[in-house]
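# Per-entry structural report
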Amino acid sequence: MPETTNNDTVLDLWRDVQRLVEGISRGMEWTADEVRQAMERHPSERDVLYHSFPLLQVTHKLMATEFVYRSHCRELLERLANGAETRPGTAAEVCCMCCDISLRTPLRSEAAGLYLRMWAAAFPGKPMFAELSEHHEALEGSTIDELEATVRRKLTVRSRALTDVTCTGEHDGEMVQCKYAGA
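Here the structure is a predicted model, which is why all the values come from computation and not from measurement. (Residues numbered from 1 in each chain as written. Predicted model: local features only at pLDDT ≥ 70, side-chain atom pairs only at ≥ 80, totals over all residues. Heavy atoms only, no water.)

## Side note on helix α4 (residues 91-104)
In an α-helix, one turn spans 3.6 residues; hence positions three or four apart end up facing the same way. The end-to-end C-alpha separation of α4 is 20 Å, in line with the 20 Å expected for 14 residues at 1.5 Å each. Buried within α4 are the following residues: Ala91, Ala92, Glu93, Val94, Cys95, Cys96, Cys98, Cys99 and Asp100. (Helix = DSSP H or I, 4+ residues; strand = E, 2+ residues; numbered from the N terminus. Expected span 1.5 Å × (residues − 1). Buried < 20%, exposed > 50% of the residue type's maximum accessible area, 1.4 Å probe, protein only.)

Below, the structure is given as structure tokens:
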């Protein structure tokens, strides 16, 4: 086996750092794009949405996948725009949990139904066994409702709330009339 030199080790470290920075940069672009889209959908809530970045944290390794992370952000931004609670788990977070569990053990009918329901809610453009979802809903609908409420509550992120927002009255280099300015 060839010996590695310090130069190889430094180069490997540099590549790791570069990949990490690229991943963070991509995530920031996705976040900014989702916030921009939410502000277009909810112009009267621009201020709160602009200051939402601290809420939009990755909570699972699968959120390195663009459509998973974007769905997570989109749901939180919609909750924020509608004055709803932002702490409970998102449909994307429930899907991540169901994925983890399904890799360890087979899912019972109601758990599979929950996974399918949350998948449809989180990723409507990416259907997954739509016909099976109907059967689970018909057989286990009320149990899935209860399971969904329990799982979202258990996935609650207590710190995921917009508190203590301060604003200088400047958003993206432009002076604005932000309700948080001077707060």
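Read on for the rest.
## Regarding unusual backbone geometry
Trans peptide bonds make up most of the peptide bonds, and negative phi angles are found at most residues other than glycine. Non-glycine residue Asp164 carries a positive phi angle of around 50°. Among the structural elements, Asp164 can be located in the loop between α6 (130-154) and β1 (170-171). The phi dihedral of Asp172 falls on the positive side, at around 50°, and the residue is not glycine. We classify Asp172 as exposed; its relative accessible area is 65%.

## What to know about the nonpolar core
Counting 36 residues, the largest nonpolar core has Leu49, Leu56, Leu114 and Phe123 as the members making the most contacts within it. When residues of this core are traced back to their parent elements, those giving at least two are α1 (6-41), α2 (46-50), α3 (66-81), α4, α5 (109-122) and α6. Every residue in contact with Leu114, bar those within four places of it in the chain, is listed here: Val94, Cys98, Ile144, Leu147, Glu148 and Val151. (Core = buried A, V, L, I, M, F, W, Y, C linked by side-chain atoms within 4.5 Å. Contact = heavy atoms within 4.5 Å.)

## What about the side chain of His51?
Its place among the elements puts His51 in the loop between α2 and α3. Its relative accessible area of 13% is what places His51 among the buried residues. Beyond its immediate chain neighbours, meaning those up to four positions away, His51 contacts Leu162, Val165, Thr166, Cys167, His171, Cys178 and Tyr180.

## Re the environment of Lys61
Considering the arrangement of structural elements, one finds Lys61 in the loop between α2 and α3. Taking relative accessible area as the criterion, Lys61 reaches 65% and is therefore assigned exposed. Between the C-alpha atom of Lys61 and that of Cys96, which follows or precedes it by 35 residues, the distance is 8.5 Å.

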